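Commentary on secondary and tertiary structure
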Amino acid sequence: MAAFPPRVLRHIVDVHCHPTDSPISAKSMEQLEISVCAMSTHHGDQSMVRDLALQNPAKVIPCFGYHPWFTHRISLRPVTSKSEHYRRLFLGDDAQPSAESASVFEELLPLLPEPITLEEVISDLRRNFELFSSTTAMLGEVGLDKPYRVAFDYYASPRRLTPFTIPLDHQLSILEAQIDLAVELRRNVSFHSVKCPQVTVDLLNKLKQKHGPQWDNIRVDIHSCSMNPQVMVDLQKKHHNVFMSLSTTINGRSNNLNALVAACPPDRLLIESDFNTIEGCTERCVEILNLVARIKRWPIEEEWADELDKGEWGVVRRIEANWKAFISGEILQEH
Ligand SMILES: [Zn+2]
């Protein structure tokens with residue numbers, strides 16, 4: 001696998017990673033030779049991403065958002081009681097849940113945090129976007145995850161899972177409110193979609209209708225895309241503002257990876273690590289860039305040429321041009 005010299009590395013943007021999931025030393029940030037879009041996921045890590053970006057403005061693009069895996073902690077209405085909130089979500093309107101569900105619920109409840117309201121979530125996001133008003137700060141990570149099961153203790157290893165999933169309607173309400181804010185503030189979106197392609201397509205179609213021309217002012221990156229390649233291509237045909245990013249970390253496990261790279265229009269493809277340590281991001285980006293180069297038959301840069309005809313562009317230059325289009329805010333035309 002080809003490595004890249006520093007003059008090339010400087011042009012790489014990891015569009016989706018979670019560096020604040022692990023301790024970050026000043027030295028690691030100093031040694032980092034690429035730029036990263038650092039995702040936040042729940043109430044506890046928005047400020048970590050904010051601080052990392054404030055300390056490293058040249059290398060970190062902050063992304064603020066509430067991930068689907070943590071949406072059960074968010075209430076759509078004012079919270080009257082913690083237990084009522086979680087009971088409604090996990091046991092539904094069922095007045096008499098099975099003995100097993102009821103006992104799992106009783107064990108889980110004390111381990112869950114006090115819910116916060118969607119209103120608090122939106123004002124927290126708004127505050128952070130105001131702080132980074134002149135940057136490319138994005139909404140992320142947000143999205144939909146149909147099969148995700150809530151763990152007793154998310155931080156335990158191994159994680160013991162409950163049978164409870166988070167109702168998709170609940171996930172959708174929280175996602176849509178966050179994207180509405182992104183459209184209002186012209187922020188791009190890093191979008192997680194797992195095992196619910198049709199619901200994702202329907203939502204994006206609805207948002208396009210609802211926001212009209214404003215929809216085209218933002219970009220949506222379907223991150224670590226796991227959709228069927230044809231579904232993805234159709235989605236990108238209908239939405240000129242939808243990009244796709246791939247990682248070896250997540251996509252490497254699926255046999256769709258090569259087909260997705262092959263099917264994606266060359267100017268709508270981005271790369272990411274989806275990694276959870278800052279030290280691991282560069283290596284994963286280099287891996288996926290090598291794979292993209294092989295499948296798209298693009299050269300791999302061994303040096304950085306200051307000027308080059310488009311026909312001679314290497315993989316890093318092409319993906320960098322896509323990133324620039326992604327953050328430009330210009331309306332993209334169909335090709
Ligand atoms: Zn992620």
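Below you will find a few notes about this structure. These numbers come from a predicted model, not from an experiment.

Definitions and cut-offs
- Residues numbered from 1 in each chain as written.
- Predicted model: local features only at pLDDT ≥ 70, side-chain atom pairs only at ≥ 80, totals over all residues.
- Heavy atoms only, no water.
- Axes fitted to C-alpha atoms, helices over the stretch in contact; angles between N-to-C directions.
- Helix = DSSP H or I, 4+ residues; strand = E, 2+ residues; numbered from the N terminus.
- Parallel < 35°, antiparallel > 145°, perpendicular 65-115°, else oblique.
- Contact = heavy atoms within 4.5 Å.
- Nonpolar A, V, L, I, M, F, W, Y, C, P; charged D, E, K, R; others polar.
- Donors = N, O, S within 2.8 Å, 3.2 Å for Na, K, Ca; no water.
- Tetrahedral: all angles 85-135°; square planar, octahedral: opposite > 155°, others 65-115°.
- Salt bridge = Lys/Arg side-chain N within 4 Å of Asp/Glu carboxyl O.
- Buried < 20%, exposed > 50% of the residue type's maximum accessible area, 1.4 Å probe, protein only.

In this section: the packing of helix α11 (residues 278-296) against helix α12 (residues 315-328). Their axes nearest at 10 Å, the elements α11 and α12 cross at an angle of 100 degrees. The angle between the axes of α11 and α12 places the two elements in the roughly perpendicular class. Where α11 approaches α12, its residues Leu289, Val292 and Ala293 are matched on the opposing element by Val315, Val316 and Ile319. Of the residues belonging to the contact of α11 with α12, the class tally is six nonpolar, no polar and no charged.

Protein coordination at the zinc ion: the donors are His16 (NE2), His18 (NE2), Glu141 (OE) and Asp274 (OD), at 2.1 to 2.5 Å from the metal. Given four donor atoms and angles of 82 to 167 degrees at the metal, the environment of the zinc ion is assigned as irregular. The sequence pattern formed by the donor residues of the zinc ion is H-x1-H-x122-E-x132-D. Residue His16 is found in strand β1 (residues 13-17), and its partner Glu141 is found in strand β6 (residues 138-145); the two are separated by 125 residues along the sequence.

What follows concerns the environment of Leu260. Tracing the backbone shows Leu260 in helix α10 (residues 257-263). Separated by 213 residues in the primary sequence, Leu260 and Ser47 place their C-alpha atoms 34 Å from one another.

Under the criterion given, the structure shown has eleven salt bridges. With its nearest N and O atoms 3.5 Å apart, the salt bridge here joins Asp51 to Arg50. Under the relative-accessibility criterion, Asp51 is labelled partly exposed at 33%. Its relative accessible area of 26% is what places Arg50 among the partly exposed residues. One salt bridge connects Glu106 with Arg87, and the closest N-O pair in it is separated by 3.7 Å. Of this pair, Glu106 sits in helix α5 (residues 99-108) while Arg87 sits in helix α4 (residues 82-91), and the two are 19 residues apart along the sequence. Judged by relative accessible area, which is 44%, Glu106 ranks as partly exposed. Assessed through its relative accessible area of 34%, Arg87 is described here as partly exposed. Residues participating in the shared-partner salt-bridge network are Glu176, Asp180, Lys206 and Lys210.

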